[in-house]
Structure formats: C-alpha cells, structure tokens
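# Structure at a glance
Take a look at the letters that make up each chain.
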Amino acid sequence: MSRLAGLAKYTAGLAAAGALAQAAPAVTSLGPVRAALWPGLTGLGAPGHVALTFDDGPDPASTPLFLDVLEEAGVHATFFLLGRMVRRSPWLARRIADAGHEVALHGWAHRAHLAVSPGQTLRDLRRGRDEVAAATGRAPGWYRPPYGIATAATFAACRSLDLRPVLWSAWGRDWTTRATAESVFHTVARDLRGGGTVLLHDSDCTSKPESWRATLGALPLLLAHCAEQGWRVGPLAEHGTA
Ligand SMILES: [Zn+2]
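What comes next is a walk through the structure. (Residues numbered from 1 in each chain as written. Predicted model: local features only at pLDDT ≥ 70, side-chain atom pairs only at ≥ 80, totals over all residues. Heavy atoms only, no water.)

### Comments concerning the overall build of the protein chain
In terms of helices and strands, the protein chain carries nine helices and eight strands. Within the protein chain, the fraction of its 242 residues that count as buried is 54%. Sequence-distant contacts, at least 24 apart, represent 78% of the contacts inside the protein chain between residues at least 6 apart. Carbon and sulfur atoms make up 57% of the accessible area of the protein chain, which amounts to about 10000 Å² in all. (Helix = DSSP H or I, 4+ residues; strand = E, 2+ residues; numbered from the N terminus. Buried < 20%, exposed > 50% of the residue type's maximum accessible area, 1.4 Å probe, protein only. Contact = heavy atoms within 4.5 Å. Areas by Shrake-Rupley, 256 points an atom, 1.4 Å probe, with all protein chains shown as cover.)

Here it is in structure tokens:
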C-alpha cells in the first residue's frame, strides 16, 4: 500500500505540474523490482548499517530541531537539500554541513521529471547543485529525484554532473495528513532491514503543513529501534552502498 501512497503523491505532483505526458520513461517507481534490479539505486548497503536520510530542507521552522535530536544521539545523516530552500536559508545548509552531516541534492524546484523536458531536468540539478555547493562549500555527491521518479533524463543529468542517484528502501509516509510519530515509526520499521536506507522529511515544504512534527517525534523511536537491532545509523557516505 505504501507504494500506492507514493504514486498518489507523485501523481499529485504531476497534476500540479500540469502534465501527464511522457509517462513511459519512469523506471524507478516499483519498489521491489527496483531493489532486485538496482540495489545501489535503492540504497542497499552494509547489513549492519542503516542510512538515515532527510529530504526537502533546509527549513528554519523544523530542520534545527532535527539537528538537535541527531546531535543528542550522536548520529549523522544525509540531507537531500532543495536548492530553492538553500537559497532562502544558506546559513542553515551551512550549519547542517558544519555539524558533520552529509549534504546531498534533491534538485532545485521539486518538480517531477516526467513533467519537464530533459533540458529542464539538467538545469534543475545543476542550479540546485551550485546553490548547495556555494552555501556549504561542498559539492553534493548524491542525488534523489522528487517523488522518487527518475527518467532517462534524470540519469543523464546525474552522469553529466557527477551525481549518484539513490532512492530508499523504507519510508515513513510522513507527508500524509494522518501521520503521527507512531505511524511514521511503524511504517519505517515494517520495511527496514539492516543495510536499508530510510527516507524521512525535515521540512513540510512539499507536504501537509507541520507534518514534520510527526517525523521529529518518530526519530528517537527509530534510533532506539536501530540500536536494539544492532544497526549503526549514519549517512550514505558510510553505508557501503553497492
Ligand atoms: Zn521531496
């Protein structure tokens, strides 16, 4: 069911973009198929490690609270930053990097690649990459496409910008109107195995307002769960991704 929810969110994104054309090139939306065919793209890594990733920030209303929880826990994560959010709060992107977290790229505008031309896809990634690099002093190495939908143009843009595309193996559905800390935690835990990559959101800029509160509440539960399982939690840089 979670995949359907993802498709629903993705479809909403497309509707907002006003285009449903070019549906053929989407190759990454089927989770189990994706994991079997492209383990690296799914973010599968060393079995004793879980990669913790956050999308859609940086957001001054919420990201600092996530940084506080992570600092308290002594955990580093990977933040997939949106260029347009970095433009508004470059200091916060810098703070993420200075705290030892890995900065990665979620593009500039968060438009579904199916709804835009290959040239627009490339420009979106390049503009986002340049913004992240200027704010943090680091060139992002990973890229995650909005809605988890990658097209041939997505992969071509990644190749030309030396970005490695990666999705996730477990998510919390934390953008939904009914998400709670418990629902987010249980949704992640249901799909999470050692070696998995967790997708959460540290901003509500593409989601229900204040949906990040459920995510923030779920984070300590998730960290405790990983500790119980004997999984070390860290950024993709330490994940040993295939
Ligand atoms: Zn996103």
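### A look at helix α7 (residues 152-161)
Ala153, Thr154, Ala157, Cys158 and Leu161 are the residues of α7 that are buried. Projected onto a plane normal to the axis of α7, the buried residues spread over an arc of 140° and lie on a single side. In α7, those exposed residues whose orientation departs by more than 90 degrees from the buried face are Ala152 and Arg159. Tucked inside the fold, the buried residues of α7 contact α6 (118-136), β4 (142-143) and β5 (164-165). Looking at where α7 begins, the residue whose side-chain oxygen comes 3.2 Å from the main-chain nitrogen of alanine 153 is threonine 151. (Arc of directions from axis to C-beta. Polar contact = N/O pair within 3.5 Å; in protein donor to acceptor, adjacent residues only side chain to side chain.)

### Considerations on the packing of helix α8 (residues 181-191) against helix α9 (residues 212-229)
Each pair of packed helices can be summarised by the angle the axes make with each other and by the distance between the axes. Packing of α8 against α9 brings their axes to within 7 Å, and their N-to-C directions diverge by 45°. One finds that α8 runs oblique with respect to α9. With respect to the hand of their crossing, α8 and α9 are arranged in right-handed fashion. Mapping the contact onto sequence places Ala181, Val184, Phe185, Val188 and Ala189 in α8 and Ala214, Thr215, Gly217, Ala218, Leu221, Leu222 and His225 in α9. Classifying every residue of the contact of α8 with α9 gives nine nonpolar, three polar and no charged. (Axes fitted to C-alpha atoms, helices over the stretch in contact; angles between N-to-C directions. Parallel < 35°, antiparallel > 145°, perpendicular 65-115°, else oblique. Left-handed = near helix turned anticlockwise from the far one by under 90°. Nonpolar A, V, L, I, M, F, W, Y, C, P; charged D, E, K, R; others polar.)

### What to know about unusual backbone geometry
Looking along the chain, the bond that leaves glycine 57 and enters proline 58 is cis, with omega of 5°. By secondary structure assignment, the location of proline 58 is in the loop between β1 (49-55) and α3 (63-73). Non-glycine residue aspartate 162 carries a positive phi angle of around 60°. In this structure, aspartate 162 sits in the loop between α7 and β5. Despite not being glycine, arginine 173 shows a phi value in the positive range, around 50°. By secondary structure assignment, the location of arginine 173 is in the loop between β6 (170-171) and α8.

### Some details on the coordination of the zinc ion
Surrounding the zinc ion are the protein donor atoms Asp56 (OD), His106 (NE2) and His110 (NE2), at 2.1 Å. For histidine 106, a relative accessible area of 2% translates into the label buried. (Donors = N, O, S within 2.8 Å, 3.2 Å for Na, K, Ca; no water.)

### Points about the packing of α6 against α7
Where α6 meets α7, the closest approach of the two axes is 9 Å, and the angle between their N-to-C directions is 40°. Between α6 and α7, the crossing angle belongs to the class labelled oblique. Of the two elements, α6 crosses α7, and the hand of that crossing is right-handed. The residues of α7 that touch α6, namely those facing Pro118, Thr121, Leu122, Leu125, Arg126 and Arg129, are Ala153, Thr154, Ala157, Cys158, Ser160 and Leu161.

### Section: the pairing of strand β3 (residues 102-105)
A two-sided burial pattern is seen for β3, the buried positions comprising Glu102 and Ala104 on one face and Val103 and Leu105 on the other. One ladder, built from four bridges, connects strand β2 (residues 78-81) with β3; its direction is parallel. By the bridge assignment for β3, phenylalanine 79 is matched with valine 103. (Pairing = 2+ DSSP bridges.)

### Some points on α3
All of the buried residues in α3 are Thr63, Pro64, Phe66, Leu67 and Leu70. When α3 is viewed along its axis, its buried side chains cluster within an angular range of 155° and face the same direction. Where α3 is buried, its residues meet β1, β2, α5 (90-98), β7 (197-201) and α9. Looking one or two places after α3, you find glycine 74, whose phi comes out positive at around 70°.

### Examining the environment of proline 64
In this fold, proline 64 is placed in helix α3. With 28 residues separating them in the primary sequence, proline 64 and leucine 92 have C-alpha atoms 8.0 Å apart. Discounting residues that sit within four places of it in the chain, proline 64 has contacts with Asp59, Leu92 and Arg95.

Taken by themselves, the reported measurements are silent on function.
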